[in-house]
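Here is how the chains run, residue by residue.
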Amino acid sequence: MADNSTLVSETGRSLLADSSVLDSKIIETSKENVFRAAVLDVEEEMPQIETRLVLVQEAGKREELLKALEEIKMPYIKTDTIEELGDSDSPELETIFVVSDFQAPIFSNLCKADCRVIGPPVVLHCAQKGEPLPFSCRPLYCASMLNLVLCFTGFRKKDELVKLVTLVHHMGGIIRRDFSSKVTHLVANSTHGDKFRIAVSLGIPIVKAEWIYKAWEKRNEIDFCAADDDFRNQFKVPPFQDCMLSFLGFSDDEKANMEEMTEMQGGHYLPVGDERCTHLVVEESTVKDLPFEPLKKLYVVKQEWFWGSIQMDARAGESMYLFEKSESPDFKKSVSLLSLSTPNSNRKRRRLKETLAQLTRETDMSPFPPRKRPSAEHSLSIGSLLDISNTPESSTASGETPKSCARPSKNSTPLPVKQSARWQVAKELYQTESNYVDILTTIIQLFQVPLEKEGQLGGPILAQEEIKTIFGSIPDILDVHIKIKEDLEDLMINWTESKSIGDIILKYSKDLLKTYPPFVNFFEMSKETITRCEKQKPRFHAFLKINQAKPECGRQSLAELLIRPVQRLPSVALLLNDIKKHTAEENPDKVTLERAIESLKEVMTHINEDKRKTEAQRQFFDVVYEVDGCPANLLSSHRSLVQRLETVALGDDLCDRGEQVTLFLFNDCLEIARKRHKVIGAFKSPHGHTRPPASLKHVVLMPLSQIKKVLDIRETEDCQKAFALVVRPPTELNNKLLSFQMTTEDPRKEDWLKTLCRHVANTICKADAENLIYVADPDSVEVNTKDMDSTLSRASRAIKKTSKKVTRAFSFSKTPKRALRRALMSHSATEGRSPSAANEGYIGSRLTSTSSLAGVPSPSLISLPSIFERRSHTLSRSTTHLI
């Protein structure tokens, strides 16, 4: 059955006939309602027509419907049968029937009687929006497809099409039999036909029939709209629906990637030569001839058709991408037979015209323009840092570019009679600069401009934020270097040994300082964005495949092209050094070149410093996103992340013993976070970026000034890689002892403790950071790491955690504070002494008093001096065996 066939319903109305006449009546009626008040001022008063709603059967039992009618003060009556109303035909009374079930017999009777029927969602929608009831000559259940114009293609079964058209009318949609510019959606059951081709070219959304069925299932949702992008995209027709693809001439990795993409885009792949195949995708650069004679129904296309279909999110037309044999003998023979002495018959003349037209199409309508051979002026030397042999002089891509891109190049540089070494290096500087400008122009014209173009088929490939992250300040960098290139070109055309090259660099040094840091600092983020989008967005992957295969890119990826600005300034500095070496001492440019080199070094130094600051800020935000409940005051301009340490808690002060704890050491504070027991769902930003869920839970943010002592716990068989902190919170009267065990080999415990003490000393303005570290016995502070990884210990922690939750659930009072551990060992001369008799008196003299050790008077640390030994450079040799 043809697409434009007319279907007739039981009432004799054409379901697929254009409803333009009815639409015009609706528009005229609505306009009449809107401007009725104005008409009454100039015309005679017309008789008022009263609208009455009749709630039929179940509709009269819906409370939300009755409430809405009372709010808008709409008169209504309830009825179970139509016969109760009697004759409702009255010129002064308009009766609208509200029916909840459009499948009930009473609905069919109302339709046969040509009554105006609506569904409850229409009344609720108009009451919510404060709008009058819409006029419709057909039954209208809801407004989810209001103002949508649909066209159908590819449907062969009449019953299915009748059902779909009826549902669209019930949801307020309009049907067009022929495709026109007014059509908003094409419902396709096949990817063949003229309607499908026109919809693809116009960018009209193409959806499956399931879209209508699912929209009808949501008919009772008042705020639902079938045209919503998120809902509609679930039912879009994939590019390779009904397609069987084979791939010829590709590597194994490329073939596997394309087969995977085929299935993702709704198609299937078959081995080469299978008769069921509908498309044979050929790598034109490696395949010169087909291994078999293709069937007439088989499309033999280039790979650009494959990636172009994915990019536009619809099957591209095959005629533009057909693969043709290059210079086949038979074709050459047919061309050679053409001559001016062709017989004067109409048939042969027509054949001659067709052959010439074919030759014209092959030479003039190639998908890619013929590549120009680089001129000698732009060819690069062997030692150039910007060697890209496949980059042409200029890009032929269209689109908006920076204002300087379109400026024509001046005449080629004439060769002087005598070529000095200074001239040779200066020419290389100009050549690399010209080539660098071509690379930046290619990046903008071939990648950035098409991605930013409005009205892309299938919608935007990337969000504007992603495009800005990838390309950054590339246009600004290009504008600066175009000016540098023009000045260098003038210098080379009017070359003399006294010409100053350094003045050109100094002239634009401030512009370089302004444009380069924003790009270089976020270059790693740019690469990460490209990698992420290429994996998550097939259309962007196809876009890169199409453009990176063009000769303008020189077979380089976008990420490889974007690294050129990072390399450019060091390359210019090296060339300026070479020019300075070949510049005579009496030449005034000698001093200018030195200043230019110093200015470039300042730019690169500023870039490095700015990059370090940027990385520090990124680390800050990584901590904030990783730690759930992280305090906002952690973010500060003067604060920087020093080190991160993974540990296990050995005490019960901050969290349960054996729980995984992460320490984030900043230059003035210590963020302590524990591992989350239940990880919440991932956070999705408004731009579609999915951030991993927070894996840590905030425990405490501790200023380093609260750390009074750092305890290095001796290594024993039962205690490995343990340390403790003696802290005094501002709201506590007593000190607390926080003990941890390191779970990683890097950093070493000694290095970590020294780093921690150094920043503590800087915070409290003390120079002797080593005096903050004390050595302690594990038994003295009751620290043991032997059972941390045992199964019994893990089970014990789980039982303890469960019992704690139950206790808190049934407790009416707060949990009492845990008491600080106190040292139980007495202050004796034998404790902490070395076995060597020569050192007994010396070590005893080094043991400090209680008050000096604690630093502040505290009753909870009376006996701590008997536990700790102060580590110093003097004692490091004599007490090594004790540690």
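Note: the structure precedes this text.
Residues numbered from 1 in each chain as written. Predicted model: local features only at pLDDT ≥ 70, side-chain atom pairs only at ≥ 80, totals over all residues. Heavy atoms only, no water.

Asks: How should the overall build of the protein be read in this particular structure?
Replies: Summing up its helical and strand segments, the protein has 27 helices and 24 strands in all. Counting the 883 residues in the protein, one finds 42% classified as buried. Once local pairs closer than 6 in sequence are excluded, the contacts in the protein between residues at least 24 apart make up 68%. Entry remark: accessible area of the protein is about 48,700 Å², with carbon and sulfur atoms responsible for 52%. (Helix = DSSP H or I, 4+ residues; strand = E, 2+ residues; numbered from the N terminus. Buried < 20%, exposed > 50% of the residue type's maximum accessible area, 1.4 Å probe, protein only. Contact = heavy atoms within 4.5 Å. Areas by Shrake-Rupley, 256 points an atom, 1.4 Å probe, with all protein chains shown as cover.)

Asks: I'm lost on the packing of aromatic side chains in this one. Help?
Replies: Pairs of aromatic rings are described using the distance from one ring centre to the other and the angle between the two planes. Counting across every chain of the model gives 16 aromatic pairs. Ring centres 6.3 Å apart and planes at 75 degrees place the aromatic pair phenylalanine 247 and phenylalanine 250 in the edge-to-face group. Classification of phenylalanine 250 by relative accessible area gives buried; the value is 11%. Taken together, the aromatic side chains of Phe240, Phe247, Phe250, Trp305, Phe306 and Trp307 make up a single cluster linked through ring pairs. (Phe/Tyr/Trp six-rings, centres within 6.5 Å; stacked < 30°, edge-to-face > 60°.)

Asks: What exactly am I supposed to notice about helix α4 (residues 105–112) here?
Replies: Structurally, the α-helix is built with 3.6 residues per turn, so residues lying three or four positions apart point the same way. Buried within α4 we find Ile106, Phe107 and Leu110. Along α4, the residues classed as buried sweep out an arc of 105 degrees about the axis, all on the same side. The exposed residues of α4 that point more than 90 degrees off its buried face are Pro105 and Lys112. Buried residues in α4 make contact with β1 (50–56), β3 (93–98), β4 (116–118) and α6 (158–170). Positive backbone phi, approximately 60 degrees, marks aspartate 114, located one or two places after α4. (Arc of directions from axis to C-beta.)

Asks: What should I look at first to understand the sheet that holds strand β9 (residues 244–248) in this one?
Replies: Working definition: the strands of a sheet are paired by backbone hydrogen bonds and lie parallel or antiparallel to each other. If you trace the 4 strands from one edge of the open sheet to the other, you get β10-β9-β11-β12, paired in parallel fashion. The open sheet has two edge strands with one neighbour each: β10 (268–269) and β12 (299–302). Pairing of β9 with strand β11 (residues 279–282) involves 4 bridges; the strand directions are parallel. Paired with serine 246 across the two strands is leucine 280, which belongs to β11. (Pairing = 2+ DSSP bridges.)

Asks: Sorry if this is basic, but what is going on with the pairing of strand β16 (residues 669–675) here?
Replies: As a general feature of sheets, a regular strand has side chains that alternate between the two faces. In terms of residue burial, β16 counts as a mostly covered element, since 5 of its 7 residues are buried. By the bridge criterion, 5 bridges tie strand β15 (residues 660–666) to β16 in an arrangement that is antiparallel. Its bridge partner lying in β16, leucine 665 is registered against leucine 670. Taking the residues between adjacent antiparallel strands as the criterion, β15 and β16 are bridged by 2 residues. Examined bridge by bridge, β16 and strand β19 (residues 696–703) share 7 bridges and lie antiparallel to one another. Looking across to β19, one finds that isoleucine 672 is bridged to valine 700.

Asks: Hey, could you run me through a nonpolar patch on the surface in this one?
Replies: Taken together, the side chains of Phe621, Tyr625 and Leu635 present a nonpolar region at the surface, about 280 Å² in accessible area. Among the structural elements, leucine 635 can be located in the loop between β13 (627–628) and β14 (641–649). Assessed through its relative accessible area of 38%, leucine 635 is described here as partly exposed. (Patch = residues over 30% accessible without salt bridge, like charges linked within 9 Å, V, L, I, M, F, W, Y side chains within 5 Å. Salt bridge = Lys/Arg side-chain N within 4 Å of Asp/Glu carboxyl O.)

Asks: Sorry if this is basic, but what is going on with the sheet that holds strand β6 (residues 174–175) here?
Replies: Pairing within the open sheet is parallel, and its 4 strands lie in the order β6-β5-β7-β8. In this open sheet, the two strands that pair with only one neighbour each are β6 and β8 (206–207). The pairing of strand β5 (residues 149–153) with strand β7 (residues 185–188) spans 4 bridges and is parallel. When the bridges of β7 are listed, cysteine 151 appears paired with leucine 186.

Asks: What should I look at first to understand the pattern of salt bridges in this one?
Replies: When their charged atoms lie close together, side chains carrying opposite charge are able to pair. Here the structure, examined in full by the defined rule, presents 27 salt bridges. Its salt-bridge partner being glutamate 58, residue lysine 61 comes within 3.8 Å of it at the nearest N-O pair. The partner of arginine 674 in a salt bridge is glutamate 659, and the shortest N-O contact between them spans 3.8 Å. Linking arginine 674 in strand β16 with glutamate 659 in the loop between β14 and β15, this pair joins segments that are 15 residues apart in sequence. Glutamate 659 sits in the buried class, given a relative accessible area of 9%. Here the residues in one salt-bridge network are Arg422, Glu497 and Asp589, joined through shared partners.

Asks: What should I look at first to understand the environment of tyrosine 299 in this one?
Replies: By the secondary structure assignment, tyrosine 299 is in strand β12. Taking the C-alpha atoms as reference points, tyrosine 299 and valine 281, separated by 18 residues in sequence, lie 8.3 Å from one another. In this structure, tyrosine 299 is in contact with Thr278, His279, Leu280, Glu318 and Leu322, ignoring residues within four places of it in sequence.

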